[in-house]
Amino acid sequence: MAPQGSPAPLEFGGPLGAAALMLLLPATMFHLLLAARSGPARLLGLPAPPPAGALWSPAAPLLWLSWLGLQAAFYLLPARKVAEGQELKDKSRLRYPINGFQALVLTALLVGLGVCAGLPLGMLTDMLLPLAAVATLAAFLFSLLLYLKALLAPASALAPGGNSGNPIYDFFLGRELNPRIGPLDCKYFCELRPGLIGWVLINLALLVQEAELRGSPSLAMWLVNGFQLLYVGDALWHEEAILTTMDITHDGFGFMLAFGDLAWVPFTYSLQAQFLLYHPQPLELPMASVICLVNAVGYYIFRGANSQKNTFRKNPSDPRVAGLETISTATGKQLLVSGWWGMVRHPNYLGDLIMALAWSLPCGVSHLLPYFYLLYFTALLVHREARDEQQCLRKYGLAWREYCRRVPYRIVPYVY
Ligand SMILES: NC(=O)C1=CN([C@@H]2O[C@H](COP(=O)(O)OP(=O)(O)OC[C@H]3O[C@@H](n4cnc5c(N)ncnc54)[C@H](OP(=O)(O)O)[C@@H]3O)[C@@H](O)[C@H]2O)C=CC1
Ligand SMILES: CC(C)=CCC[C@@H](C)[C@H]1CC=C2C3=C(CC[C@@]21C)[C@@]1(C)CC[C@H](O)C(C)(C)[C@@H]1CC3
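Residues numbered from 1 in each chain as written. Chains lettered and ligands numbered in written order. Predicted model: local features only at pLDDT ≥ 70, side-chain atom pairs only at ≥ 80, totals over all residues. Heavy atoms only, no water.

Counting secondary structure elements, the protein contains 16 helices and six strands. Per-residue burial over the protein gives 52% buried out of 416 residues. The contacts of the protein with a sequence gap of at least 6 include a subset with a gap of at least 24, amounting to 77%. Looking at the protein as shown, the accessible area adds up to about 18,900 Å², and 69% of this sits on carbon and sulfur atoms. (Helix = DSSP H or I, 4+ residues; strand = E, 2+ residues; numbered from the N terminus. Buried < 20%, exposed > 50% of the residue type's maximum accessible area, 1.4 Å probe, protein only. Contact = heavy atoms within 4.5 Å. Areas by Shrake-Rupley, 256 points an atom, 1.4 Å probe, with all protein chains shown as cover.)

Before going further, it helps to spend a moment on a nonpolar patch on the surface. There is a patch of nonpolar side chains on the surface, built from L144, L145, L148, L151 and L152 and spanning about 540 Å² of accessible area. Mapped onto the elements of the fold, L145 is located in helix α4 (residues 128-151). (Patch = residues over 30% accessible without salt bridge, like charges linked within 9 Å, V, L, I, M, F, W, Y side chains within 5 Å. Salt bridge = Lys/Arg side-chain N within 4 Å of Asp/Glu carboxyl O.)

Tracing the chain through its elements places S328 in strand β5 (residues 326-328). What makes S328 exposed here is its relative accessible area of 53%. In this structure the C-alpha to C-alpha distance between S328 and W400, which are 72 residues apart in sequence, comes to 9.6 Å. Those residues in contact with S328 that sit more than four places away from it in its chain are K333, Q334 and A399.

Counted under the stated rule, the structure contains 28 aromatic pairs. Between F255 and F259, the aromatic rings sit 5.3 Å apart at their centres with planes inclined by 10°, giving stacked as the arrangement. With a gap of four residues between them, F255 and F259 both fall in helix α10 (residues 255-268), about one helical turn apart. Taking relative accessible area as the criterion, F255 reaches 0% and is therefore assigned buried. The exposure class of F259 is buried, given its relative accessible area of 1%. Relative to F372, the ring of W264 lies with its centre 6.1 Å away and its plane at 65°, an arrangement referred to as edge-to-face. Here F372 lies in helix α15 (residues 372-396) and W264 lies in helix α10, a separation of 108 residues in the sequence. (Phe/Tyr/Trp six-rings, centres within 6.5 Å; stacked < 30°, edge-to-face > 60°.)

Another aspect to go through is the domain arrangement of the protein. When its domains are assigned, the protein resolves into domain 1 (14-38 + 58-280) and domain 2 (284-416). For domain 1 versus domain 2, the distance between C-alpha centres works out to 23 Å. Listed per partner, the contact involves 30 residues of domain 1 and 30 residues of domain 2. When domain 1 packs against domain 2, the two sides together hide about 2,700 Å² of surface, and 67% of this comes from carbon and sulfur. By the criterion of area lost to domain 2, the three top residues of domain 1 are F227, Y231 and M246, representing 24% of everything that side buries. (Domains from an automatic or database assignment. Buried area = accessible area lost by both parts, 1.4 Å probe.)

This paragraph deals with the UniProt feature "transmembrane region" (unreviewed entry) in the protein. The positions that UniProt labels "transmembrane region" (unreviewed entry) are, in the present scheme, residues 12-34, 54-77, 98-121, 127-148, 253-271, 283-302, 322-341 and 353-377. Secondary structure over residues 12-34 splits into 91% helix and 0% strand, and the C-alpha atoms at its two ends are 27 Å apart. End-to-end, the C-alpha atoms of residues 283-302 are 26 Å apart, and along that stretch the chain is 90% helix and 0% strand. (UniProt positions renumbered as here; feature names shortened; annotations may be inferred.)

Per the counting criterion, the structure on display carries 16 salt bridges. Put simply, R387 and E11 hold a salt bridge, and the shortest N to O gap is 2.8 Å. Of the two residues, R387 is situated in helix α15 and E11 in the segment before α1 (14-37); the sequence distance between them amounts to 376 residues. A salt bridge links D247 to R384; its shortest N-O distance comes to 2.6 Å. With D247 in helix α9 (residues 246-249) and R384 in helix α15, this pair connects stretches of sequence that are 137 residues apart. Judged by its relative accessible area of 19%, R384 is buried. Connected through salt bridges with shared partners, the residues E325, E402, R405 and R406 form a single ionic network.

Let us look at the site of ligand 1. Inspection of the region around ligand 1 gives 26 residues, with Y269, Y349, D352, R384 and Y396 positioned closest. Contact between ligand 1 and H346: an oxygen atom at 3.3 Å from a side-chain N or O atom of the residue. With respect to ligand 1, the side chain of D352 contributes an N or O atom lying 2.5 Å from an oxygen atom. Out of a free accessible area of 930 Å², ligand 1 has 88% covered by protein chains. Residue assignment for the shell around ligand 1 shows that the elements contributing at least two residues are α12 (285-314), β6 (334-336), α14 (347-360), α15 and α16 (398-406). Taken together, the residues that form the shell around ligand 1 break down as 15 nonpolar, four polar and seven charged. (Near = heavy atom within 4 Å. Polar contact = N/O pair within 3.5 Å; in protein donor to acceptor, adjacent residues only side chain to side chain. Nonpolar A, V, L, I, M, F, W, Y, C, P; charged D, E, K, R; others polar.)

Take a look at the structure:
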């Protein structure tokens, strides 16, 4: 265990790993976008190269910037609540507007009005490659600006992780913990608004385009749209909960999150809907009902576990959690050892993975491509679990070891 106060150990394979990821992640994203459009739709193997000019459109930067501007404007509107973040190194707490769900509703109203006025939403699907190119470029430029901005930031504003002194590693992980431009908190804004809401908008455009091509959207397309809308709506409804995640409290804002939020989430998380537009899949009602049940079970575990921990962290005496068994730690905080958090050490990851399976199943079993999200997400959560484990061991020491003894499985009971 690294002693408290020592420099954070290098993650993601250090500078070499960070450099490789900065090339691999955008390459994978474009590979997936092209594979979804190609006839064989192979996850592995090279898809046909895009026709000349398919990666660029002069309208794309304008469209993308307008989208970012619109979401920033919604962020700055009066909020139903202003929440305080975790205590920072200098003992202060930042304030965050809780109006993400409002931004989703306003976006839906605006898009609805646009469609009634003749906006060709389905045509957005032809712009996905150029928009992904703009988002990738923007993520690189934005990360560079954030890196330079951090040079002027006080030491107390720097993240525990992204300040190793190696420019490649620090550019990737992000140096400043909570960079702000005026009232806009860049990381909090990017993590929940343009990418997540953009994801459901892309899904909707794919559904509209399918209806235009084939007369009506398929049942599979409805399911994928419905499940992912529920997931995004849930994230925005419980927006305040993100303030305690490691992305906000531990990770700096660098290329990893900028690219992840602005490009990776909207363009790769919509892969199932993209696949379905180009490769329609038959789905009968009985199978659809089973898939809905799988999603419902996943959501029940995901929401139950996340809400239980959030309620407990806000107020351990809340009657909904007061009866649960706990372990005391030297920091004064307690750890739950019964309820969802007594079943495995990351029950919320288990629920999230079950939902990920339900999002791929409507795409049938003839192709591996729509299962990319499940495979990637398993790798991401296994790695994230290991990172969180290290951080908890550093925070809670022996109490964490005792928790691991009492709750031996990490994500899947009796398996892992
Ligand atoms: N769709 C996607 O791409 C992604 C989704 N997610 C989802 O985001 C959600 C949040 O995940 P994440 O931020 O990784 O982590 P968690 O919400 O699991 O939070 C981990 C933290 O919870 C606290 N904790 C751990 N065990 C206990 C316990 N027994 N009792 C009380 N508190 C405990 C610790 O913090 P402390 O003690 O300081 O409170 C720990 O650091 C998950 O549902 C995950 O599936 C995450 C990444 C990507
Ligand atoms: C491969 C790559 C570029 C990695 C970067 C990782 C990011 C894509 C993810 C890190 C944590 C995330 C979270 C969500 C989306 C993906 C990223 C940004 C999240 C907003 C999805 C909705 C959930 O309900 C959530 C709010 C719990 C979640 C928070 C973490």
